[in-house]
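Structural overview
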Amino acid sequence: MSPFILATLLFALGLGTTVTFASSHWLLAWMGLEINTLAILPLMAQHHHPRAVEATTKYFIAQATAAAMLLFASATNAWLTGQWDIQLVAHPLPVTLITLALALKIGLAPMHSWLPEVLQGVDFTTGLILSTWQKLAPFALLLQLQPTNSALLLALGIASTLIGGWGGLNQTQLRKILAYSSIAHLGWMTLVLQFSPSLGALTLIVYFTMTFSAFLMFKLNNSTNVNSLAMSWAKAPVTTTLAPLVLLSLGGLPPLTGFMSKWLILQELTKQELMPLATLAALSALLSLYFYLRLAYALTLTISPNTLIGTTPWRHSTSHLTLPLSISTVATIFLLPIAPAIVMLFSL
């Protein structure tokens, strides 16, 4: 792809998210989401592979359905209340429809089935954009809606944590595992969104950092399935040593950064006297932890077959930028000790 076209598409991606962030009118917010969707489509289809084209088509259909639903719900709200303002959505019908449309946009369960299929069809860089940047604008709209639809958000959140954990158990493709990981983490954010928006934003940033590390690590190793991870040791020994820590941080084990958000969310749910929900969320984290442990085992405790057919690859110097991976890996592993300072910063 030409650098000028790439720069234009990346600018449009940033513009769409910024328009949605800055808007107080539903039509402007919808327009920002549409700019976002249209800018990512050429990036997804740039390799001209049947799987990439299929993934792009599925993504377009899912996003177009969500956008149509959002436009219909905001028009219904304007018809019922005479208001197009995002902050003034009070009627339960448009609130429910808008929440479901935004859930479909970001891939919350039970509207999640497009996300693993789409991520499986694109490369790691585009998958990273889909799993991180594309969640920002819908999440900002959910954040503004959240006081009026508490039961629905809790149901979507707990369903996502369970399905995100359950769906990843039987997967062998890394991109599908990362997609189910994304669904589970978004579920945790949705659970706490209405009780502590600042904690929801903190969880989103921690999730972005950990996902950034995981995607870049697999891209550096050029691994697409669990079996190919066994050859990582010969390609990048230092990265392979740190990879299990990144994966266990995604799983939420102490003393790693990923534990911070899960611990604070469980504390908040307990404060709100939602003990059964907190217990269910904590148990669902064990499901996710199983497939992260599986990946960590494949990375560090298995050796690639050294036969004539499958020889150990040579360790060549990489052409990828490793500084972003280094920074995000350090953040993914070592931020838990400064958790009080981070919480104070987000609660200002």
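Being a predicted model, the structure only gives us computed values, none of them experimental.

**Considerations on the overall build of the protein**
Helix and strand counts for the protein come out as 16 helices and zero strands. Here the C-alpha atoms of the protein give a radius of gyration of 20 Å, agreeing with the 20 Å that 2.2 N^0.38 yields for 348 residues. Counting only residues that meet the buried cut, the protein has 53% of its 348 residues in that class. Here the contacts in the protein between residues at least 6 apart in sequence split such that 78% fall between residues at least 24 apart. On the protein, roughly 15600 Å² of surface is accessible, and the fraction owed to carbon and sulfur atoms is 72%. In the protein, 12 positive and 7 negative side-chain charges are present, and the distance between their average locations comes to 15 Å.

**Topic: the pattern of salt bridges**
Counted under the stated rule, the structure contains five salt bridges. Here Lys105 ties to Glu34 by a salt bridge, and the two come within 4.0 Å at their closest N and O atoms. Of this pair, Lys105 sits in helix α4 (residues 92–106) while Glu34 sits in helix α2 (residues 26–45), placing them 71 residues apart in sequence. Residues joined by salt bridges that share partners form a network here, namely Glu54, Lys58, Glu117 and Lys176.

**Quick notes on helix α7 (residues 133–145)**
In terms of burial, α7 is a largely internal element, 10 of the 13 residues being buried. Along α7, the residues classified as buried are Gln134, Lys135, Leu136, Ala137, Pro138, Phe139, Ala140, Leu141, Leu142 and Leu145.

**Examining the packing of aromatic side chains**
Inspection of the entire model under this criterion finds six aromatic pairs. Seen from their ring centres, Phe124 and Phe218 are 6.3 Å apart, and the 40° between their planes marks the pair as tilted. Placement of Phe124 in helix α6 (residues 124–131) and of Phe218 in helix α10 (residues 197–221) is noted, with a sequence separation of 94 residues between them. With a relative accessible area of 9%, Phe124 lands in the buried category. Under the relative-accessibility criterion, Phe218 is labelled buried at 2%. Here Tyr207 and Phe208 contribute two aromatic rings whose centre-to-centre distance is 5.8 Å and whose plane-to-plane angle is 55°, an arrangement assigned as tilted. For Tyr207, a relative accessible area of 1% corresponds to the buried category.

**As for helix α5 (residues 114–121)**
In terms of residue burial, α5 counts as a mostly covered element, since seven of its eight residues are buried. Taken residue by residue, α5 has Trp114, Leu115, Pro116, Val118, Leu119, Gln120 and Gly121 as its buried positions.

**Overview of unusual backbone geometry**
Comment: phi is negative for the bulk of residues other than glycine, and the bulk of peptide bonds are trans. Cis peptide bonds are those with omega within 30 degrees of zero, and the linkage from Ala109 to Pro110 qualifies with 5°. Of note, Pro110 is situated in the loop between α4 and α5. Following Pro254, the chain continues into Pro255 via a peptide bond in cis, with omega recorded as 5°. When you line up the elements, Pro255 lands in the loop between α12 (237–251) and α13 (257–271). The phi dihedral of Glu273 falls on the positive side, at around 60°, and the residue is not glycine. Tracing the sequence through the fold places Glu273 in the loop between α13 and α14 (275–300).

**Some points on the packing of α12 against α14**
Running from N to C, α12 and α14 point in directions that differ by 175°, and their axes come no closer than 8 Å. Looking at the two axes, α12 sits roughly antiparallel to α14. Contacts between α12 and α14 involve Thr240, Ala243, Pro244, Leu247, Leu248, Leu250 and Gly251 from the former and Ala285, Leu289, Tyr292, Leu293, Leu295, Ala296, Leu299 and Thr300 from the latter. The residue makeup of the contact of α12 with α14, split by class, is 12 nonpolar, three polar and no charged.

**Re the environment of Glu117**
Looking at where Glu117 falls in the secondary structure, it is placed in helix α5. Taking the C-alpha atoms as reference points, Glu117 and Tyr59, 58 residues apart in sequence, are found 9.0 Å from one another. If near-sequence neighbours (up to four positions away) are discounted, Glu117 is found in contact with Ala55, Lys58 and Lys176. Polar side-chain contacts of Glu117 include one of 3.4 Å to the side chain of Lys176.

**Comments concerning the domain arrangement of the protein**
Looking at the protein, the domain boundaries give domain 1 (1–148) and domain 2 (154–305 + 322–347). Centre-to-centre, using C-alpha coordinates, domain 1 lies 23 Å away from domain 2. Listed as interface residues are 29 residues of domain 1 and, on the opposing side, 30 residues of domain 2. For the pairing of domain 1 and domain 2, the buried interface totals around 2700 Å² over both sides, and the portion due to carbon and sulfur atoms is 78%. The three residues of domain 1 that bury the most area against domain 2 are Gln120, Phe124 and Phe139, which together make up 28% of that side's buried surface.

**Regarding a nonpolar patch on the surface**
On the surface, Met1, Ile5, Leu6 and Leu10 cluster together to form a nonpolar patch covering roughly 340 Å² of accessible area. Residue placement: Leu6 occurs in helix α1 (residues 3–22). We classify Leu6 as partly exposed; its relative accessible area is 32%.

The rules we used
- Residues numbered from 1 in each chain as written.
- Predicted model: local features only at pLDDT ≥ 70, side-chain atom pairs only at ≥ 80, totals over all residues.
- Heavy atoms only, no water.
- Helix = DSSP H or I, 4+ residues; strand = E, 2+ residues; numbered from the N terminus.
- Rg over C-alpha atoms; globule rule 2.2 N^0.38 Å.
- Buried < 20%, exposed > 50% of the residue type's maximum accessible area, 1.4 Å probe, protein only.
- Contact = heavy atoms within 4.5 Å.
- Areas by Shrake-Rupley, 256 points an atom, 1.4 Å probe, with all protein chains shown as cover.
- Lys, Arg positive; Asp, Glu negative; His and termini not counted.
- Charge placed at Lys NZ, Arg CZ, Asp CG, Glu CD.
- Salt bridge = Lys/Arg side-chain N within 4 Å of Asp/Glu carboxyl O.
- Phe/Tyr/Trp six-rings, centres within 6.5 Å; stacked < 30°, edge-to-face > 60°.
- Axes fitted to C-alpha atoms, helices over the stretch in contact; angles between N-to-C directions.
- Parallel < 35°, antiparallel > 145°, perpendicular 65-115°, else oblique.
- Nonpolar A, V, L, I, M, F, W, Y, C, P; charged D, E, K, R; others polar.
- Polar contact = N/O pair within 3.5 Å; in protein donor to acceptor, adjacent residues only side chain to side chain.
- Domains from an automatic or database assignment.
- Buried area = accessible area lost by both parts, 1.4 Å probe.
- Patch = residues over 30% accessible without salt bridge, like charges linked within 9 Å, V, L, I, M, F, W, Y side chains within 5 Å.

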